[in-house]
Amino acid sequence: MKILVLAAVFLLGSANGGGCSDPNHIGVQEFGSIVGRVIDAKTTIPISNALVSVGSLYTATTDNQGAFILKTIPVGDQTVSAS
């Protein structure tokens with residue numbers, strides 16, 4: 001079965017306005033959330049209980065509508081997979 005992951009990335013700034021403005025500051029990591037839905041590519045029916053992950057540290061399970069939220073994901077290029 002082919003699945004399609006529809007996701008959007010939302011960057012959530014920290015309380016100090018989104019991070020340090022000093023480009024030489026070391027140790028600051030920005031995080032965001034990935035929000036999306038997993039649907040069957042042919043029928044577009046939502047897939048419930050699918051495991052969605054970014055690497056092995058960040059995982060979520062879809063709800064009855066195929067929706068998921070992955071929180072506290074490091075900002076940058078990420079590969080999202082569903083099974």
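None of the values given here were measured: they were computed from a predicted structure. (Residues numbered from 1 in each chain as written. Predicted model: local features only at pLDDT ≥ 70, side-chain atom pairs only at ≥ 80, totals over all residues. Heavy atoms only, no water.)

Q: Pulling in residues and values, what's your account of the environment of Val-52?
A: Looking at where Val-52 falls in the secondary structure, it is placed in strand S3 (residues 51–54). Residue class for Val-52 comes out buried when judged on its relative accessible area of 0%. In the structure, Val-52 is positioned 10 residues away from Thr-62 in sequence and 7.3 Å away in space, judged by C-alpha atoms. Not counting chain neighbours up to four residues away, the residues in contact with Val-52 comprise Val-38, Tyr-58, Thr-59, Ala-60, Thr-62, Phe-68, Leu-70, Val-80, Ser-81 and Ala-82. (Helix = DSSP H or I, 4+ residues; strand = E, 2+ residues; numbered from the N terminus. Buried < 20%, exposed > 50% of the residue type's maximum accessible area, 1.4 Å probe, protein only. Contact = heavy atoms within 4.5 Å.)

Q: Account for the nonpolar core, with residues named and values stated.
A: Membership of the largest hydrophobic core is limited to 10 residues, which are Ile-34, Val-38, Ile-47, Ala-50, Val-52, Val-54, Ala-60, Phe-68, Leu-70 and Ile-73. Counting residues per element, the ones that place at least two in this core are strand S2 (31–40), S3 and strand S5 (67–74). Among the elements that make up this core, the one with the highest residue count is S5 (3 residues). (Core = buried A, V, L, I, M, F, W, Y, C linked by side-chain atoms within 4.5 Å.)

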